[in-house]
Amino acid sequence: MTEVDARSRPRPADGSDPGQAPSKVTIGKALNLGLRAAMERDPKVILMGEDIGRLGGVFRITDGLQKDFGEQRVLDTPLAESGIVGAAIGLAIRGYRPVCEIQFDGFIFPAFDQIVSQLAKLNYRSQGRIRMPVVIRVPFGGGIGAVEHHSESPESYFAHTAGLKVVACSNPVDAYWMIQQAIESDEPVLFFEPKRRYHEKAELDLTATPVPLHSSRVLRRGGTATIACYGPMVKTCLEAAESAAEQEGHDLEVIDLRTLSPLDLEPVHESVRRTGRLVVASEAPGESSIASEIAARVQQECFYSLEAPVVRVTGFDTPYPPSKLEEEYLPDLDRVLHAVEQSLGW
Amino acid sequence: MQLLTPEGERVAHPHFDIDITPDELRGLYRDMVLVRRADRESNALQRQGQLGIWVPLLGQEAAQIGAGRAMRPRDMAFPSYREHGVAWCRGIDPTELLGIFRGTDHGSWDPMATRFHPYTIVIGNQCLNAVGYAMGQRFDGRIGDGHDSADAEATVVFFGDGATSQGDVNEAFVWGAVYDAPVVFFCQNNQWAISEPMERQSRIPLYQRASGYGFPGIRVDGNDVLATLAVTRWALEECRSGNGPVLIEAFTYRMDAHTTSDDPSRYRLADELEAWKLKDPIERVKAYLHRQQWADGDYFAEVERESDALAARLREYCQRMPVPSADRMFSEVYANGSSAVSAQRDEFLTYLSQFEQTGGER
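Conventions we followed
- Residues numbered from 1 in each chain as written.
- Chains lettered and ligands numbered in written order.
- Predicted model: local features only at pLDDT ≥ 70, side-chain atom pairs only at ≥ 80, totals over all residues.
- Heavy atoms only, no water.
- UniProt positions renumbered as here; feature names shortened; annotations may be inferred.
- Patch = residues over 30% accessible without salt bridge, like charges linked within 9 Å, V, L, I, M, F, W, Y side chains within 5 Å.
- Areas by Shrake-Rupley, 256 points an atom, 1.4 Å probe, with all protein chains shown as cover.
- Salt bridge = Lys/Arg side-chain N within 4 Å of Asp/Glu carboxyl O.
- Helix = DSSP H or I, 4+ residues; strand = E, 2+ residues; numbered from the N terminus.
- Buried < 20%, exposed > 50% of the residue type's maximum accessible area, 1.4 Å probe, protein only.
- Pairing = 2+ DSSP bridges.
- Axes fitted to C-alpha atoms, helices over the stretch in contact; angles between N-to-C directions.
- Contact = heavy atoms within 4.5 Å.
- Domains from an automatic or database assignment.
- Buried area = accessible area lost by both parts, 1.4 Å probe.
- 1 Å grid on protein atoms, 1.4 Å probe; cavity = no way out; pocket = protein on both sides within 12 Å on 5 of 7 lines; lining within 4 Å.
- Points joined across faces, edges and corners; volume = space filled by probe spheres on them.
- Nonpolar A, V, L, I, M, F, W, Y, C, P; charged D, E, K, R; others polar.
- Phe/Tyr/Trp six-rings, centres within 6.5 Å; stacked < 30°, edge-to-face > 60°.

Naming follows an unreviewed UniProt entry, where chain B appears as Pyruvate dehydrogenase E1 component alpha subunit of Actinoalloteichus caeruleus DSM 43889.

The name an unreviewed UniProt entry assigns to chain A is Pyruvate dehydrogenase E1 component beta subunit, from the organism Actinoalloteichus caeruleus DSM 43889. For the record of chain A, the UniProt heading Cofactor (unreviewed entry) holds the text "thiamine diphosphate".

This is the structure:
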C-alpha cells in the first residue's frame, strides 16, 4: 500500500526531552513512536507480523523498528495469521508481551479460532493463572480504493466475544497513547487502526498525561443532538457537525467512543440526557453491531430523555462492495447529517 | 526438472520428456508474449490511475502457460490473484480481469462456464476449496478406469510460496491425500512473499513437503514452459487415473513488485533481479524457435503486432468501463434474496434520488 510517512527516522519518544516543541505527526507515525516507546520501556515487548521487519509493514507503521531492536524483537513471521496469534499466545504464556500486526482487516479470519478459542478464554479457563497480554493491531475500514478483504470492519465479532478488549483510535494523540496503554494491559486487546486516516496529522505532546484506555471522550460540545462514533468515522462526524453548525445552525455533540469493549457509555448517557437525540455512526454493517449494542443500552438507560429513537448510520448489511461503490457504501458527511435530520424530524 | 535451458537448448529428461510440434511451441510463445503484454499494459494503466492496483505476473509466464495449457477444458482451476496467464488459457479475455483491479466488480467471468474459479485474495483459502471440488470429481466417477475418456477430470489449484505456511494449505494437503483427490497443487515459488524471502516460510525445498503428506512432489523450472507443461500433464494424468494428489513446485521469480503498491527496492537487491533476467521464460523459447528454424522474423513481428493490438484494446476497454450503479451493491447478497437487504436498497436509492431532484452534490 501507500507510504504512510517517510519523512524521517523516528525520534526517541520516552518523553525525556520536554524542551522540544510539540510537532505534528500522522497517526501512522504516532503508532510507530508509541510502539518504539513501549519497546524501549519493556524488553518483553515484541512485534510479530507479515512484512513488518525489513519492509516496516505495508503501511510502514513498524518502520525502522527491526533495524533498531533486532530480528528477535521484530519478527517477520511466516505468512500465517493463525500462526501469528497462536504463537503470540505461547510467547505470552512465557512472559512476553507480543504485539501482532494483521496486515489487513480481512486477513484476521484465519486467526479467528486462536483469538476467540484461546486468546479470549485462557484467563478464564486458568482462573487467572495465565494472563494474555497480547495486542492485535488491525488496520481496518474502507475508503482506500482497495481490492476485496482490504476494507472491512470486523470489530463487532470481537466485541461479541467475552474476554477480549476492543479499542479503536481516531487521531495521532490517541494512537500514540492508546497503543502503549494496550501493550501495558494484562488483557488481550484488539487494536483497530483507521487505515484511511493514517495520514491525518495532529500535534503530539509527549509529556501529556493520557486519559484511560477504556474511556470515551466528548470531542465537540453541543446541545442539538449527540453523535457517537469511532475510528475513521470520527473525522467524518466532526466535519458533519461543523457543516450542520454552518448550514443549519445545529449544535451537535460528537463523542469518540475509543473503547468498543468494554463500552464507556456514561459520557453518551450524560449527553443524551441533555440532547434527547442520538445518532450512532460506524462503517461496519449495522446488523448485530457495536451500533446496535449502543442503541439498545442507551434506550434502556435514557428512555425518558429520548425525544427520538436512536438512529444508526452504518455500512449496509452487504459484503463490502467493489471499490468504485465504496463512496456509496461508507457513511459520509451527508448520510450522517441525513441521520441527524431523521432524529430531529421525529 | 528442465527441458529447455535459459540459453534455449533442448535437454532430455528420462521421465518427463515431451514431443512438441513447431505449431505447439509457436503457440506457447505467442501465449507468453501476449499475457506479458497484457500484464505490462495493465500495470501501466494502474500507473495512469485507471486501476486502483495491479498484481504483476511478470516473470511467471512459463509457469502459468505451461500449467494452463496442460489442462483440458473439463479440468477445473482454482487461482490465487496473480494467475492472469492461467486465466488466458481458460479462455478469459484480459479485459475481464480489469474489473477487480479497477474496483467495478469482484470478478466478471463465469467461473462455472470457464472452469476458472474467482480470484481468491485471502492467502491459501482456495486450496481447500479445490480439494473439495476434486473430491466431488472422484465421487462422480470422473477418474480411474476409463480415464482416457473425454469425461475424465482433475483440478489444479494455484498458490504461492508464502501460502504454504497457511493452515488452510496444509489442511488441503491432508484432505487431498486422505480422499485421494484428483488435485494438482501447483505452487509458484516466486521466491518472495511481499518482502519475505523463502527462508521465512520453509527450511526445506517446498516440493519435499509432499512426501510428509504421502503424495509425490516435484520441482520444475518454472521459467521453462516445456518443462512446466510436461510435468503438469503428467500430474493431471496421475490425478485422472486415480493416483492424485501431486504437488508441483514451479521454481520461478517475481520480476516485478508484489503489487503496484509495493516497493521491492526496500527489501531485495537489484543484482538478484538481473540474475533472473538471464533466465527469462520467453527469451529461451524465442532462441529455440530461431535455432530450429521453426519461426522467422515475420512470425515474431506478427506476434508483436498482435500484442500491440491487444494492449490497445485493453487500454480502450479500461477507459470506458462504467461505474456500477449503486443497486449492484445490494444484489446477490443471498441466493434467494433478502427482504431486509432489499429494504435497505430501496431506502438508500430513495435517499440518493433526493440529490438528483435538487441537483445537489453529495
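Caption draft 1: View of a nonpolar patch on the surface. Residue and element names in this part refer to chain B. Nonpolar side chains collect at one region of the surface, where Phe139, Val174, Trp175, Val178 and Tyr179 lie side by side and expose about 490 Å² of accessible area between them. Looking at the nonpolar patch element by element, the count peaks at three residues for helix α7 (residues 167–178). Looking at the element boundaries, Trp175 is found in helix α7. Taking relative accessible area as the criterion, Trp175 reaches 41% and is therefore assigned partly exposed.

Caption draft 2: Layout of the sheet that holds strand β6 (residues 165–168) of chain A. All names here are of chain A. Pairing is mixed in the open sheet, where seven strands are placed in the order β3-β2-β4-β5-β7-β6-β12. Strands with a single pairing partner mark the edges of an open sheet, and in this sheet they are β3 (74–76) and β12 (259–261). The average angle at which neighbouring strand axes cross in this sheet is 20 degrees, direction not considered. Sheet topology places strand β2 (residues 45–49) next to β3; three bridges connect them, and they run parallel. In the strand pairing of β3, Gly49 is matched with Asp76. Against the sheet, helix α1 (residues 27–41) engages β2, β3, β4 (97–101), β5 (135–140) and β7 (189–194), with an angle of about 135 degrees to β2. In this fold helix α7 (residues 172–184) packs onto β2, β4, β5, β6 and β7, with an angle of close to 165 degrees to the strand it touches most, β7.

Caption draft 3: Region of interest: the domain arrangement of chain A. All names here are of chain A. As far as domains go, chain A holds domain 1 (23–204) and domain 2 (217–344). The partner domain 2 presents 24 residues to the 26 residues of domain 1 that form the contact. When domain 1 packs against domain 2, the two sides together hide about 1900 Å² of surface, and 50% of this comes from carbon and sulfur. By the criterion of area lost to domain 2, the three top residues of domain 1 are Ser170, Arg196 and Arg197, representing 21% of everything that side buries. The interface formed by domain 1 and domain 2 contains four salt bridges.

Caption draft 4: Quick peek at empty space enclosed by the protein. All names here are of chain B. Applying the stated criterion across every chain, the model contains five cavities of 30 Å³ or more. Here the largest cavity defines a volume of roughly 680 Å³. Taken together, 46 residues make up the lining of the largest cavity; nearest its centre are Tyr81, Arg82, Ile123, Ile194 and His258. Put simply, the parts of the chain that give the lining of the largest cavity at least two residues each are α4 (98–102), β2 (155–160) and β4 (192–193). Broken down by class, the residue content of the lining of the largest cavity amounts to 21 nonpolar, 15 polar and ten charged. Of the pockets and cavities examined, the second largest cavity occupies roughly 80 Å³. In terms of lining residues, the second largest cavity is bounded by Val35, Ala38, Asp39, Ser42, Trp54, His84, Ala87, Trp88, Ile92, Asp93, Pro94 and Leu97. Of all the elements in the fold, those that place two or more residues in the lining of the second largest cavity are α1 (22–47) and α3 (84–89). By residue number, the principal contributor to the lining of the second largest cavity is α1, which donates four residues. Residues belonging to the lining of the second largest cavity are distributed by class as follows: eight nonpolar, two polar and two charged.

Caption draft 5: Main features of the UniProt feature "domain: Transketolase-like pyrimidine-binding" (unreviewed entry) in chain A. Mapped onto this numbering, the UniProt entry annotates "domain: Transketolase-like pyrimidine-binding" (unreviewed entry) at residues 25–200 of chain A. This span, residues 25–200 of chain A, is 36% helix and 18% strand, and a straight line between its end C-alpha atoms measures 8 Å.

Caption draft 6: Representation of the layout of surface pockets. Roughly 930 Å³ of internal volume is contained in the largest pocket. In terms of lining residues, the largest pocket is bounded by 42 residues, among which Ser153(A), Ser156(A), Tyr157(A), Pro285(A) and Glu287(A) are the most central. Of all elements in the fold, only α6 (155–159), β12, β13 (278–285) and α10 (290–301) of chain A together with α13 (339–358) of chain B reach the threshold of two or more residues within the lining of the largest pocket. Residue classes in the lining of the largest pocket are distributed as 21 nonpolar, 13 polar and eight charged. Size it by volume and the second largest pocket reaches roughly 540 Å³. Every residue lining the second largest pocket is counted, 19 residues in all, and those nearest its centre are Arg312(A), Val313(A), Phe316(A), Gln344(B) and Glu347(B). Mapped onto the lining of the second largest pocket, the elements with two or more residues apiece are β14 (311–315) and α12 (333–344) of chain A together with α13 of chain B. Across the lining of the second largest pocket, the residue classes tally to seven nonpolar, seven polar and five charged.

Caption draft 7: Spatial organisation of the packing of aromatic side chains. Considering all chains together, one arrives at 41 aromatic pairs over all chains under this definition. Ring geometry for Phe59(A) against Tyr198(A): centres 5.1 Å apart, planes inclined by 55 degrees, an arrangement best described as tilted. Of this pair, Phe59(A) sits in the loop between β2 and α2 (65–69) while Tyr198(A) is found in the loop between β7 and β8 (201–204), placing the two residues 139 residues apart along the sequence. Ring geometry for Tyr29(B) against Phe300(B): centres 5.1 Å apart, planes inclined by 75 degrees, an arrangement best described as edge-to-face. Pair noted here: Tyr29(B) is in helix α1 and Phe300(B) is in helix α12 (residues 297–319), with a separation of 271 residues, a long-range link. Take Tyr29(B) and Phe300(B): they sit in the same class, and that class is buried. What links up through ring pairs into an aromatic cluster is the set Phe316(A), Tyr320(A), Tyr329(A), Phe330(B), Phe348(B), Tyr351(B) and Phe355(B).

Caption draft 8: View of the pattern of salt bridges. Residues and elements named next belong to chain B. The full count for this structure, using the stated rule, is 45 salt bridges over all chains. For the salt bridge of Arg254 with Asp262, the shortest nitrogen-to-oxygen distance reads 3.5 Å. Accessibility classification places Arg254 together with Asp262 in one group, the buried group. It is possible to trace a salt-bridge network through shared partners that takes in Arg74, Arg115, Arg142, Asp151 and Glu153.

Caption draft 9: Broad picture of the sheet that holds strand β7 (residues 246–251) of chain B. All names here are of chain B. Spatial ordering of the open sheet is given by β1-β2-β3-β7-β6, a layout of five strands whose pairing is parallel. Only two strands of the sheet have a single partner each, and these edge strands are β1 (76–78) and β6 (217–221). Taken pair by pair, the neighbouring strands of this sheet meet at an average axis angle of 20 degrees, ignoring direction. With three bridges joining them, β1 and β2 adopt parallel strand pairing. The partner of Met76 across the bridge, within β2, is Thr155.

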